[in-house]
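Each chain is listed here by its residues.
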Amino acid sequence: MPLSGSICAIATPFRPSDDAIDLPAFAGLIDHLIDAGTSAIVLGGSTGEAARLDAGEFEQWLAAGGGQVGGRGPTLAGPGR
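Just so you know, the residues in each chain are numbered from 1, in the order the chain's sequence is written. Residue-level local features of this predicted model are given only where pLDDT is at least 70; pairs of side-chain atoms are given and counted only at 80 or more, and the full residue set underlies all totals for whole chains, interfaces and linings. Hydrogens and water are ignored here; the side-chain numbers use all heavy atoms of the structure.

Trainee: I would appreciate a short explanation of the side chain of Thr-12 in the present structure.
Mentor: Helix and strand definitions here come from DSSP, where helices need a minimum of 4 consecutive H or I residues and strands a minimum of 2 consecutive E residues; each element is numbered from the N-terminal end. Inspection of the secondary structure puts Thr-12 in the loop between strand S1 (7-9) and helix H1 (23-35). When sequence neighbours within four positions are dropped, the list of residues in contact with Thr-12 reads Ile-21, Phe-26, Glu-49 and Trp-61. Between two residues, a contact is recorded if the distance between any of their heavy atoms is within 4.5 Å.

And the structure:
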């Protein structure tokens, strides 16, 4: 499938209370972008947060993001790590 249109490098929201990934907000942001017509979601697309995640958080983050997209478009893992 060729890529075209809006391809969004998504930022990851963190909870201010403990700096953990805010997974419900992350899911909502992905849904909002897809509903608005984004053609593909880029996780770790050099928005900066991927580098601060430990290995377990990074895997959780990728799984959560890919799962939320759920086949509604391509999910790309960026080189931001």
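From this point, the narrative continues.
Trainee: Looking at this structure, I do not really get the nonpolar core. What am I missing?
Mentor: The nonpolar side chains of soluble globular proteins are, as a tendency, buried together. Ile-10, Phe-26, Ile-30, Ile-41, Leu-43 and Trp-61 are the most contacted members of the largest nonpolar core, which totals 14 residues. Contributing elements (two or more residues each) for this core: H1, strand S2 (40-43) and helix H2 (55-69). Among the elements that line this core, the one with the most residues is H1, at four residues. Aside from chain neighbours lying at most four places away, what touches Leu-43 is Ile-10, Phe-26, Trp-61, Leu-62, Gly-65, Gly-66, Thr-75, Leu-76, Ala-77 and Gly-78. Nonpolar cores are built from buried Ala, Val, Leu, Ile, Met, Phe, Trp, Tyr and Cys residues. Side-chain atoms within 4.5 Å join them into one set. Whether a residue is buried, partly exposed or exposed follows from its accessible area with a 1.4 Å probe, protein chains only, as a fraction of its type maximum: under 20%, in between, or over 50%, in that order.

Trainee: Could you clarify how one ought to interpret H2 in this entry?
Mentor: Since the α-helix packs 3.6 residues into each turn, any two residues three or four apart lie on the same face. Here H2 is 15 residues long and its end C-alpha atoms lie 21 Å apart, about the 21 Å a rise of 1.5 Å per residue gives. Buried within H2 are the following residues: Phe-58, Trp-61, Gly-65 and Val-69. The buried residues of H2 occupy one face: seen down the axis, they fall within an arc of 65°. Among the exposed residues of H2, those pointing more than 90 degrees away from its buried face are Glu-59, Ala-63 and Gly-67. Packing partners of the buried residues in H2 comprise H1, S2 and strand S3 (75-77). Each polar contact in these results corresponds to two N or O atoms within 3.5 Å; when the atoms are within protein, one needs to be able to donate a hydrogen and the other to accept it, and residues that are neighboring in sequence are counted only if both atoms are side-chain atoms. For H2, the side-chain oxygen to backbone nitrogen distance between the N-cap and Gly-56 is 3.0 Å, and the N-cap itself is Asp-54. By this rule the span expected of a helix is its residue count minus one, scaled by 1.5 Å. Directions pointing from the helix axis toward each C-beta atom define the arc.

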